[in-house]
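Architecture and fold: a report
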Amino acid sequence: MGRSEAIIDRLHGLHPKLIDLSLERLQRLLAALGHPERQLPPVVHVAGTNGKGSTCAFLRAIAEAAGQRVHVYTSPHLVHFRERFRLAGQLVTEDALADALEEVEAANEGQPITVFEVTTAVGLLLFSRTPADLMVLEVGLGGRFDATNVIGHPAACAIASISMDHMDFLGDSLAAIAGEKAGIIKPGVPAATGRQQPEALRVLEAEAARLGAPLLRRDAEWIAEWEEGGLRYADSQGVLHLPPPALPGPHQADNAGIAIAALRAWNPSWLSDSAIAAGLSTATWPARLQRLHGALAALLPEGWELWLDGGHNAGAGQALAAHLPGWSDRPRHLLVGMKQGKESNAFLRPLLPLADSLWAVAEPGQHLAMPVEAIVAASGGRARPGPRVADALRAIATTGGPPGRVLICGSLYLAGEVLKADGTGVE
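The shown structure was predicted, so the numbers you read here are calculated from the model rather than taken from an experiment. (Residues numbered from 1 in each chain as written. Predicted model: local features only at pLDDT ≥ 70, side-chain atom pairs only at ≥ 80, totals over all residues. Heavy atoms only, no water.)

Another aspect to go through is the overall build of the chain. Scanning the chain from terminus to terminus reveals 15 helices and 17 strands. Since a compact globule built from 427 residues should have a radius of gyration of about 22 Å, the 21 Å found for the chain is in line with a globular shape. Reported as C-alpha extents along the three principal axes, the dimensions of the chain are approximately 60 × 55 × 40 Å. Counting all 427 residues of the chain, 58% fall into the buried class. Intrachain contacts of the chain at a sequence separation of at least 6 include 76% that bridge at least 24 residues. The average position of the 36 basic charges and that of the 45 acidic charges among the side chains of the chain differ by 2 Å. (Helix = DSSP H or I, 4+ residues; strand = E, 2+ residues; numbered from the N terminus. Rg over C-alpha atoms; globule rule 2.2 N^0.38 Å. Buried < 20%, exposed > 50% of the residue type's maximum accessible area, 1.4 Å probe, protein only. Contact = heavy atoms within 4.5 Å. Lys, Arg positive; Asp, Glu negative; His and termini not counted. Charge placed at Lys NZ, Arg CZ, Asp CG, Glu CD.)

In structure tokens form, the structure reads like this:
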């Protein structure tokens, strides 16, 4: 265990709840640290149920294609805790992270605070001390009372697809959840959003109007549609004919468009059409329809493909279901592992008709893994127990038949374990 992991383990004892949405504890800590949140480059604040990580990836890639230095704060991590902090394009080093954790821990003086609030303070401290041109800030959970919402005046906001998830913290209706996501909207700050269900969109529109914030909606203020050879984007500034996004899936038109709309509304001097095109074609984001080529992929016969996606809720199931028809040229095998408390029925429902075989899996190191038996039950008995990923892959490899595609999905925590087992890096 490294220094940073040891400090994080120690900090878990400072608050009885892992998640306790509030701003007061972090605001107190940031004051003790000299308010690093006031010493940052321009910030694009990103919320949403599904797609916010991909939106962050597009924002970063576009800015870096324009030669800009970009800070990025995301969660959760997949393999290493350091993944959450990218300083001016580079993941934070272990020593720098541990030093910052110790400094924040000392400033907190043992007062109650959650680990996510501590890590947000660590990120803001690190970002304030490293020169950069842009900071991409991903909400952890919700928005209104998420620790990242200590940023008073971002350059732009982005709200990706909103669906039912984390109902125990955000509310049991789409309107309630959208109200929490809308909490990142700030007076006069442009906010870009993609296609939303009408119930969610009405909430975003009302909050933006209340605050006098320009709301940039897909199919209204901007459009993004597939065309031969790529993506067509249009807004009041003109039309762009762009290459296909490097992140696969039809839903990525939404996430790419949100990133473009947010940047064009902010309109930094460095933004150009060529940077947008280059950023879309080079963006990377692990465990989002990511093809694997390592040790796990080697368990499949020659000519087969192994893919990984961390989607884990109803909206993610629908997004994957929209992508899978494009794989109809081969048999499609799904390995599903989920986190306890997730609505496995809602995730699986749109996928069941598209899978030639379905396997329920759980890895020994997977955080709060849903029992394999519960996933089998949620599938109506259709899923076969892996019970581990490697076991399922070996079983699929012996079935014969034409080369197929295997998709491992259902949990970011499962995705992290899969990346470790496959030997695939996340740098």
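When you line up the elements, Asn345 lands in helix 12 (residues 344–348). Asn345 sits in the partly exposed class, given a relative accessible area of 41%. For Asn345 and Ala378, which are 33 residues apart along the polypeptide, the C-alpha to C-alpha distance reads 5.3 Å.

The next subject is the pairing of strand 1 (residues 43–47). With five of five residues buried, strand 1 is to be regarded as a mostly interior element. Burial along strand 1 is two-sided: the face carrying Val43, His45 and Ala47 and the face carrying Val44 and Val46 are both buried. Here strand 1 pairs with strand 5 (residues 134–138) via four bridges, running parallel. Bridging from a neighbouring strand, Val43 pairs with Met135 of strand 5. Across four bridges, the pairing between strand 1 and strand 6 (residues 156–159) is parallel. Its bridge partner lying in strand 6, Ala47 is registered against Ile159. (Pairing = 2+ DSSP bridges.)

With that settled, the discussion passes to the sheet that holds strand 7 (residues 191–193). Sheet architecture is open: eight strands sit in the order 4-3-2-5-1-6-7-8, paired in mixed fashion. Whereas interior strands pair on both sides, the edge strands pair on one side only; in this sheet they are strand 4 (90–91) and strand 8 (215–217). As judged from the three bridges shared by strand 7 and strand 8, these two strands associate in the parallel manner. The residue of strand 8 that forms the bridge with Ala192 is Leu216. Across the sheet, helix 9 (residues 252–266) is in contact with strand 5, strand 6, strand 7 and strand 8; its angle to strand 6 comes to roughly 165 degrees. (Axes fitted to C-alpha atoms, helices over the stretch in contact; angles between N-to-C directions.)

Turning our attention to a nonpolar patch on the surface. Side chains of Leu18, Ile19 and Phe169 sit close together on the surface and give an oily, nonpolar patch of about 260 Å² of accessible area. Inspection of the secondary structure assignment puts Phe169 in helix 6 (residues 167–170). (Patch = residues over 30% accessible without salt bridge, like charges linked within 9 Å, V, L, I, M, F, W, Y side chains within 5 Å. Areas by Shrake-Rupley, 256 points an atom, 1.4 Å probe, with all protein chains shown as cover. Salt bridge = Lys/Arg side-chain N within 4 Å of Asp/Glu carboxyl O.)

With mixed pairing, the six strands of this open sheet are ordered in space as 12-13-17-14-15-16. The sheet is open, and its two edges are formed by strand 12 (290–292) and strand 16 (384–385), each paired on a single side. Here helix 15 (residues 412–422) sits on the sheet and contacts strand 12, strand 13 (305–308) and strand 17 (405–409); the angle it forms with strand 12, its principal contact strand, is near 35 degrees.

Bringing the layout of surface pockets into the picture now. Considered as a void within the structure, the second largest pocket measures approximately 450 Å³ in volume. Lining of the second largest pocket is provided by 26 residues; of these, Arg60, Thr284, Trp285, Pro286 and Val426 occupy positions nearest its centre. If one sorts the elements of the lining of the second largest pocket by residue count, helix 3 (residues 52–65) sits on top with four residues. Tallied by class, residues from the lining of the second largest pocket come to 14 nonpolar, seven polar and five charged. (1 Å grid on protein atoms, 1.4 Å probe; cavity = no way out; pocket = protein on both sides within 12 Å on 5 of 7 lines; lining within 4 Å. Points joined across faces, edges and corners; volume = space filled by probe spheres on them. Nonpolar A, V, L, I, M, F, W, Y, C, P; charged D, E, K, R; others polar.)

Before going further, it helps to spend a moment on helix 4 (residues 94–108). Owing to its 3.6 residues per turn, the α-helix aligns residues three or four sequence positions apart on the same side. The end-to-end C-alpha separation of helix 4 is 21 Å, in line with the 21 Å expected for 15 residues at 1.5 Å each. Every buried residue belonging to helix 4 is among Leu97, Ala98, Ala100, Leu101, Val104, Ala107 and Asn108, and all of these are buried. Here the buried face of helix 4 lies against helix 1 (3–11), helix 2 (24–32), strand 3 (85–87) and helix 5 (115–129). (Expected span 1.5 Å × (residues − 1).)

For the coordinates displayed, the defined rule picks out 26 salt bridges. Two residues, Arg3 and Asp99, come together in a salt bridge whose shortest N-O distance is 2.8 Å. A residue pair is termed long-range when its members are at least 10 positions apart, and Arg3 in helix 1 and Asp99 in helix 4 qualify at 96 residues. Residue Arg3 is classed as partly exposed on the basis of its relative accessible area, which comes to 35%. Its salt-bridge partner being Arg129, residue Glu103 comes within 2.7 Å of it at the nearest N-O pair. Here the residue Glu103 occupies a position in helix 4, and Arg129 occupies one in helix 5, the gap between them amounting to 26 residues. Connected through salt bridges with shared partners, the residues Arg291, Glu305, Asp329, Arg330 and Arg405 form a single ionic network.

The next subject is helix 1. Three or more residues of helix 1 are buried, namely Ser4, Ile7, Ile8 and Leu11. Seen end-on, helix 1 carries its buried residues on one side only, within an arc spanning 100 degrees. Each element contacted by the buried residues of helix 1 is listed here: helix 4 and helix 5. (Arc of directions from axis to C-beta.)

Mapped onto the elements of the fold, Arg332 is located in strand 14 (residues 332–336). Buried Arg332, no salt bridge; nearest opposite-charge side chain is Asp356, N-O distance 4.1 Å. Looking at Arg332, its side chain comes within polar contact range of the main-chain oxygen of Leu324, at 2.9 Å. Not counting residues up to four positions away in its chain, the partners in contact with Arg332 are Leu324, Pro325, Trp327, Leu354, Ala355, Asp356, Ser357 and Arg405. (Polar contact = N/O pair within 3.5 Å; in protein donor to acceptor, adjacent residues only side chain to side chain.)

A separate point is the environment of Glu83. Residue placement: Glu83 occurs in the loop between strand 2 (70–73) and strand 3. Note on Glu83: relative accessible area 14%, which makes it buried. Taking C-alpha positions, Glu83 is 25 Å from Val361, a pair spaced 278 residues apart along the chain. Look past the residues within four positions of Glu83 in its chain and what remains in contact with it is Thr74, His77, Leu78, Leu91 and Val426. Here the side chain of Glu83 touches Leu78 through a polar contact of 2.9 Å, landing on its backbone nitrogen.

With numbering matched to this structure, UniProt assigns "domain: Mur ligase central" (unreviewed entry) to residues 46–186. Helix makes up 40% of residues 46–186 and strand 14%. Its end C-alpha atoms lie 12 Å apart. (UniProt positions renumbered as here; feature names shortened; annotations may be inferred.)

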